[in-house]
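# Topology and contacts: notes
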Amino acid sequence: MLTDSASRLITYSPAYTLVPTYECFNRCGYCNFRKDPGKSPWLELSEAERILKTLIGTGIREILILSGEVHPNSEKRTDWGDRLYELCELALSLGFLPHTNAGPLSFQEMARLKTVNVSMGLMVEQVNPTLWETVHRHAPSKVPSVRLQQLEWAGELRIPFTTGLLLGIGETPGDRQATLEAIGQIHHRWGHIQEVIIQPYRPGTHQSGEAPGFDLGELPAVVAMAREILPEAVALQVPPNLIEEPEILLACLEAGCRDLGGIGPTDEVNPDYPHPQIERLTRILEPAGWELVERSPIYPQYYDGLSPRLRSHLLNAGY
Ligand code: SF4
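Residues numbered from 1 in each chain as written. Predicted model: local features only at pLDDT ≥ 70, side-chain atom pairs only at ≥ 80, totals over all residues.

The protein chain appears in an unreviewed UniProt entry as 7,8-didemethyl-8-hydroxy-5-deazariboflavin synthase from Phormidium pseudopriestleyi FRX01. UniProt annotates the protein chain under Subunit (unreviewed entry) with the comment "The FO synthase complex consists of two subunits, CofG and CofH." Under the UniProt heading Function (unreviewed entry), the note attached to the protein chain is "Catalyzes the radical-mediated synthesis of 7,8-didemethyl-8-hydroxy-5-deazariboflavin (FO) from 5-amino-5-(4-hydroxybenzyl)-6-(D-ribitylimino)-5,6-dihydrouracil." (UniProt positions renumbered as here; feature names shortened; annotations may be inferred.)

### Some points on the overall build of the protein chain
When helices and strands are tallied, the protein chain shows nine helices and nine strands. For 319 residues, the compact-globule formula gives about 20 Å, and the C-alpha radius of gyration of the protein chain, at 18 Å, lands near that figure. Taken over the C-alpha atoms alone, the protein chain extends approximately 55 × 50 × 40 Å along its principal axes. A burial count over the protein chain gives 42% of its 319 residues as buried. (Helix = DSSP H or I, 4+ residues; strand = E, 2+ residues; numbered from the N terminus. Rg over C-alpha atoms; globule rule 2.2 N^0.38 Å. Buried ≥ 20, exposed ≤ 12 C-beta atoms within 10 Å, placed from the backbone.)

### Overview of the pairing of strand β3 (residues 97-101)
Most of β3 sits inside the fold, with four of its five residues counted as buried. As paired strands, strand β2 (residues 62-66) and β3 are joined by five bridges and run parallel to one another. Across the sheet, the residue bridging to Leu64 is His99, located in β3. On the question of chirality, the crossover connecting β2 to the parallel β3 by way of helix α2 (residues 77-93) is right-handed. The sheet contact formed by β3 and strand β4 (residues 119-121) spans two bridges and is parallel. Residue pairing for β4: His99 is matched across the bridge by Ser119. Where the polypeptide runs from β3 across helix α3 (residues 107-114) and back to β4, its parallel neighbour, the crossover connection is right-handed. (Pairing = 2+ DSSP bridges. Right-handed = clockwise from strand over helix to strand, strands pointing away.)

### Some points on the site of the ligand
The full set of residues close to the ligand is Cys24, Asn26, Arg27, Cys28, Cys31, Phe33, Arg34, Gly68, Glu69, Gly103 and Ala139. Its residues placed into classes, the shell around the ligand shows five nonpolar, three polar and three charged. (Near = placed C-beta within 6 Å. Nonpolar A, V, L, I, M, F, W, Y, C, P; charged D, E, K, R; others polar.)

### Overview of the UniProt feature "binding site: [4Fe-4S] cluster" (unreviewed entry) in the protein chain
The residues that UniProt annotates with the feature "binding site: [4Fe-4S] cluster" (unreviewed entry) are Cys24, Cys28 and Cys31. Along the chain, Cys28 falls in the loop between β1 (9-18) and α1 (45-55). With 24 C-beta atoms counted inside 10 Å, the residue Cys28 sits in the buried group. When sequence neighbours within four positions are dropped, the list of residues in contact with Cys28 reads Val135, His136, Ala139 and Lys142. Looking at the element boundaries, Cys31 is found in the loop between β1 and α1. (Contact = placed C-beta atoms within 7 Å.)

### Some points on the nonpolar core
Nonpolar side chains tend to gather and get buried jointly when the protein is soluble and globular. If you look at the biggest cluster of nonpolar residues, it comprises 76 residues, and the most contacted ones within it are Ile65, Val196, Ile198 and Val223. Looking at this core element by element, the count peaks at six residues for α2. Not counting the four nearest positions on each side in its chain, Val196 is found in contact with Thr163, Gly164, Ile183, Ala226, Leu230, Val234, Leu236 and Gln237. (Core = buried A, V, L, I, M, F, W, Y, C linked by C-beta atoms within 7 Å.)

### Section: the pairing of β2
Buried residues dominate β2, accounting for five of its five residues. Of the two faces of β2, the one lined by Glu62, Leu64 and Leu66 and the one lined by Ile63 and Ile65 are each fully buried. Bridge count for β1 against β2 is four bridges, and the pairing is parallel. In the sheet register, Leu18 faces β2, and the bridge partner there is Ile65.

### A closer look at the environment of Met120
Turning to its location among the elements, Met120 is positioned in strand β4. Counting along the chain gives 42 residues from Met120 to Thr162, while the straight-line C-alpha distance between them is 6.3 Å. Not counting residues up to four positions away in its chain, the partners in contact with Met120 are His99, Thr100, Asn101, Leu113, Ala154, Ile159 and Phe161.

### Things to note about unusual backbone geometry
Despite not being glycine, Glu125 shows a phi value in the positive range, around 70°. Along the chain, Glu125 turns up in the loop between β4 and α4 (144-156).

### As for the packing of helix α6 (residues 219-229) against helix α7 (residues 246-254)
It is the contact of α6 with α7, at a shortest axis distance of 8 Å, that shows an interaxial angle of 15°. Judged by the angle between their axes, α6 and α7 are roughly parallel. Relative to α7, α6 is oriented so that their crossing is right-handed. Residues Leu219, Pro220 and Val223 of α6 form the contact with α7, whose participating residues are Ile248, Ala251 and Cys252. Across the contact of α6 with α7, the residue classes break down as six nonpolar, no polar and no charged. (Axes fitted to C-alpha atoms, helices over the stretch in contact; angles between N-to-C directions. Parallel < 35°, antiparallel > 145°, perpendicular 65-115°, else oblique. Left-handed = near helix turned anticlockwise from the far one by under 90°.)

Spelled out as structure tokens, the structure:
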């Protein structure tokens with residue numbers, strides 16, 4: 001059992017998710033999010049502004065811009081990139097801190113979005129290429145080398161980055177280890193991975209039902225494996241809404257998890273699993289000696305690397 005008070009702090013980010021579009025040219029076997037291209041109207045800036053204005057003063061600081069993917073060769077790709085950029089600009093103008101996760105981007109797209117995001121993210125999920133024959137059969141952007149390239153580019157561009165593993169999609173324990181080691185190696189080169197999400201796949205009501213799902217009882221052991229492989233500076237995160245049993249959540253913390261991610265009204269990726277209230281989480285954590293504290297979407301060790309403009313937005317947001 002850890003004893004000093006700093007090591008008993010568990011962080012979370014008060015967040016709201018804006019979805020520019022649910023349309024996605026991939027069809028992952030476990031997806032509860034996507035709609036077919038052309039079947040999901042894009043989020044208009046006026047509607048985004050209306051939503052964001054209702055969040056002012058509520059304590060929400062992070063705006064997660066989470067988008068389905070428009071094909072890189074689609075004639076709509078430039079407009080989609082513009083919409084992402086404009087939504088980030090809008091969020092900044094209203095006092096929020098954007099964090100974009102929109103699938104694999106070109107180097108230029110990533111560099112442009114860096115100017116309006118305090119951090120960005122992309123799940124590696126798993127590096128096992130055989131998943132391309134199963135759950136990723138119809139998901140060209142889930143090629144492991146493409147995802148790892150994104151992490152490299154983020155490093156090159158000095159973007160504080162969030163990535164993670166998706167568990168229970170057909171991978172083996174060896175695959176999990178290989179994925180963690182691949183992330184660790186890239187972090188070793190660039191030092192930009194701020195957190196790694198250890199995300200159990202949980203079945204939802206919208207998916208096509210191909211993925212086997214994850215036995216939550218194994219989660220603390222995966223967290224422990226991640227803690228052993230990744231440097232201390234890389235925070236480990238588990239999503240509390242996907243872990244119903246308090247004992248398993250607490251076991252993940254004892255195994256080295258120190259962050260619960262963005263907590264807000266809706267989990268767009270897992271709409272069947274609403275986020276717990278902060279009060280409920282506190283009731284679980286406090287008796288076990290853990291203290292829940294807010295954090296910004298960029299971890300403090302990266303504050304100095306922000307552009308002067310983003311740094312001033314961070315200060316204005318109270319960090
Ligand atoms: S999981 Fe992501 S990439 Fe896969 S189909 Fe769903 S939205 Fe697209």
